[in-house]
2 protein chains.
Amino acid sequence: MNKDIFVKLLQQRQFKAVRSILDVMNEVDIASLLSDLNDRELALAFRLIPKDKAAEVFSNMETSMQTYLVEIFSEKELKELLDDLYMDDTVDLLEELPANLVKRILDTVSASDRSLINQLLNHPEDSAGSIMTTEYVDIRETMTVAESMAHIKQTGIHKETIYTCYVTDKRKLLGIVSAKDLMTSDDDLLIRDLMETEIISVNTHTDQEAVAQLFTKYDLLALPVLDQDSYMVGIVTFDDAMDVMVEEATEDITKMAAMSPNEKTYFETSIFDHARHRIIWLLILMFSATVTGTIITKYEDAFAAIPLLVAFIPMLMDTGGNCGSQSSTLIIRGIALNEIRFQDLFRVIFKEFGVSLIVGVVLALANGARILLMYHDISLALVIGLSLIGTAILAKLIGCVLPLFAKRIGLDPAIMASPLITTLVDTCSILIYFNIATMLFKL
Amino acid sequence: MNKDIFVKLLQQRQFKAVRSILDVMNEVDIASLLSDLNDRELALAFRLIPKDKAAEVFSNMETSMQTYLVEIFSEKELKELLDDLYMDDTVDLLEELPANLVKRILDTVSASDRSLINQLLNHPEDSAGSIMTTEYVDIRETMTVAESMAHIKQTGIHKETIYTCYVTDKRKLLGIVSAKDLMTSDDDLLIRDLMETEIISVNTHTDQEAVAQLFTKYDLLALPVLDQDSYMVGIVTFDDAMDVMVEEATEDITKMAAMSPNEKTYFETSIFDHARHRIIWLLILMFSATVTGTIITKYEDAFAAIPLLVAFIPMLMDTGGNCGSQSSTLIIRGIALNEIRFQDLFRVIFKEFGVSLIVGVVLALANGARILLMYHDISLALVIGLSLIGTAILAKLIGCVLPLFAKRIGLDPAIMASPLITTLVDTCSILIYFNIATMLFKL
């Protein structure tokens, strides 16, 4: 749908046409179409959305637009919206709204919903409890397939997913039945005989990244969430798990480039906030790098005697940094995907040592040959070649060991990425280089 | 389940106990349990898996184990397995097997399956066609809800997902009905009146990354795949889309650390293959970095006069590299998530210019103050401060512009990440630094 045409139709108050357009469009696309409207147009357009789509369009809109709509809605409109919103979307909304609007919403919902919302708002950020929804299909083990289907027909329409049904007894989870099993089984089979009793579940405090990993590992559609006393309190659905996966990958990538993670998109973040997220690590790394500078001054005599030595500093530093960040990146990603654990430390070191030996020798031969051709100086070729091999080995060892130790002591391995590794490796490569040079050139 | 105990039970031929263990375990966990067995134990254990779980366990196993089993299976065992495997898993298997086993499998399946498999094998790698399955629930618009449910009960058990039903007429896709709609609607409602006709679909040639993005954007469970003539040929299911998301994020992260992407895990890859994936970029970057070295030799007189100048080279190079990779990382991730497009070039440049100005000034003040305190040299503080500001601005501009141009000319933006940006920025920062120094110190 062309946005200009849509805005024109709105301005010309051609409401019938607007309504037919909204009627055929998908909720996600409507939300993105509305994002370009001004406040007055937004209020107008939102009220023209078919009632059965309004809540889902709303939950797909940006926070600023949601805030505006909650502000201008009448009591009745707000109540209608909240009735149709899933519980997890309502909680997401409340987490973003200013306090006066939060109060307005809590005054509008029923007392039981209010206590539920307050409970959900108290779950730690990024925990299973904070992304779960409390609406799920709940059946008894004594029901038949036909009775369960009838139960779903009555109650299912307001549940976020009905494709996994939970067999409970006094809020204790006994088993799981998929809608597929219900739809393909005999009507009078008992749920007790159909249900799966090996259940994969999480706790309200489980980290959302661990939750998402269970979804990919077991190809789940939904995952039950239990409280501390093993009572079932909600489910996480696959769409929220997919969002978490994308969010967590972005967070890792951001940290790996020495920035503080940020939940907003690039353009949503102001210039000042961008600067704030980037400056801390830049300062830390800048001052760490001065150590390398201080070491260089110790070898002033060496490069006063052979000024050419200075020319190889950037090449050695960059190559060391690249070798180190290759290793750290692979290890960080492996840890994130649960493929590498701390117990694998020695396997990793062995592997990286082998790789660094091959890589170091190839780099040394290539650069040594170049130096021989350009400067006809065997000693120089030898100094650079040996320095490259030493740097490659050290860089890869630092690069693979640090993320594993970070994980071990409870830090996020992602901070042990390229920038920090590069700074550490710089110091080492300069030391290796000048020591080899001083020895071979007898400086 | 403890692996040692399991192996012991197998060796003691306590098959009844082994069978009960396998009976309660999840398919994914069984596959991982089997991965530690030797060939003989594997063959034994696999034959003890309950028949209704065997195919799913098989599709979760590593290729080497699958290959071994296909080799030793009898005709009858192979046929049973292939009957239970979903079509997309069969095709995945064939893509990995050696030619003689591929022939064995193609000889075992029915003629119609064989022609279908051959067709699927021909879809380009990483396309929607290569990850789709051909088994989906197919209904007619003239059916009622009750008739559709009866149809699913008959045929659904062999379909990978029955939660989205496709309304077709002579293989043309007319609409979509979710199982939720079927389960919560009146029995005699016509499918024609229930189906959704605004359909999100992809083509067999659509890239798998674009497919995965549609799943997250629209929270889909399955996505229909059409051929060139708009006939429906299959569906992609959400579990495969989740795998693609993880795979693509890993590929981007690997490329961003100057390595060739690799579909195997860290430990599955041999030392030699690891070295091969890393050496090409290391060589390219090493030789590019010599440019910076060559530039340094041009300013030999400057650092012969003031040797202290050399000490600041690592700090300037690292800071420039870090500034540049922060920007390039954000832009690369933004492009991957479809949040930043080439048309945003000037908005991005404007933003990064603002950020680099703030960041540059803060870095300059911090380091300038340090130099004043340590060396009591205002000129030196000024040289370093100005160089830092110039480097920050240039680094951030290079870092944000290159990924966008890479995207524009059809390259993967991920290669314009930290390592390449660092090498480019090095040259610029050295030039800025020595030019400012020569001017201010009148060298």
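Computed from a predicted model, the values in this text were never measured in an experiment. (Residues numbered from 1 in each chain as written. Chains lettered and ligands numbered in written order. Predicted model: local features only at pLDDT ≥ 70, side-chain atom pairs only at ≥ 80, totals over all residues. Heavy atoms only, no water.)

1. Brief notes about a nonpolar patch on the surface
Thinking step 1. Together, Phe272 of chain A together with Ile358 and Val362 of chain B make up a nonpolar patch on the protein surface, roughly 250 Å² of accessible area in all.
Thinking step 2. Here Phe272 of chain A shows up in helix 17 (residues 271–298).
Thinking step 3. Judged by relative accessible area, Phe272 of chain A falls into the exposed class, the value being 54%. (Patch = residues over 30% accessible without salt bridge, like charges linked within 9 Å, V, L, I, M, F, W, Y side chains within 5 Å. Areas by Shrake-Rupley, 256 points an atom, 1.4 Å probe, with all protein chains shown as cover. Salt bridge = Lys/Arg side-chain N within 4 Å of Asp/Glu carboxyl O. Helix = DSSP H or I, 4+ residues; strand = E, 2+ residues; numbered from the N terminus. Buried < 20%, exposed > 50% of the residue type's maximum accessible area, 1.4 Å probe, protein only.)

2. A look at the interface of chain A and chain B
Thinking step 1. With 113 residues of chain A at the interface, the matching set in chain B holds 113 residues.
Thinking step 2. Around 10100 Å² of area is buried between chain A and chain B when both sides are counted, 72% of it from carbon and sulfur atoms.
Thinking step 3. Per-residue buried area on chain A facing chain B is highest for Met183, Tyr266 and Phe267 of chain A; these three make up 8% of the total on that side.
Thinking step 4. The salt bridge involving Lys217 of chain B is made with Asp29 of chain A; its shortest N-O contact spans 3.8 Å.
Thinking step 5. Here chain A and chain B share 30 residue pairs in polar contact (both at pLDDT 80 or more) between them. (Contact = heavy atoms within 4.5 Å. Buried area = accessible area lost by both parts, 1.4 Å probe. Polar contact = N/O pair within 3.5 Å; in protein donor to acceptor, adjacent residues only side chain to side chain.)

3. Considering the side chain of Thr427 of chain B
All names here are of chain B.
Thinking step 1. Here Thr427 shows up in helix 23 (residues 418–440).
Thinking step 2. Judged by its relative accessible area of 16%, Thr427 falls in the buried class.
Thinking step 3. Residues within four places of Thr427 in sequence aside, it is in contact with Val291, Thr292 and Ile295.

4. Side note on the pairing of strand 5 (residues 222–226) of chain B
All names here are of chain B.
Thinking step 1. The buried count for strand 5 comes to 5 of 5 residues, which makes it a mostly enclosed element.
Thinking step 2. In strand 5, alternate side chains face the same way, and those of Ala222, Pro224 and Leu226 on one face and Leu223 and Val225 on the other are all buried.
Thinking step 3. Pairing of strand 5 with strand 6 (residues 232–237) involves 5 bridges; the strand directions are antiparallel. Pairing of Val225 across the sheet is with Gly234, part of strand 6.
Thinking step 4. Linking strand 5 back to strand 6 in an antiparallel pair, the connection comprises 5 residues, with Ser230 at a positive phi of about 65°. (Pairing = 2+ DSSP bridges.)

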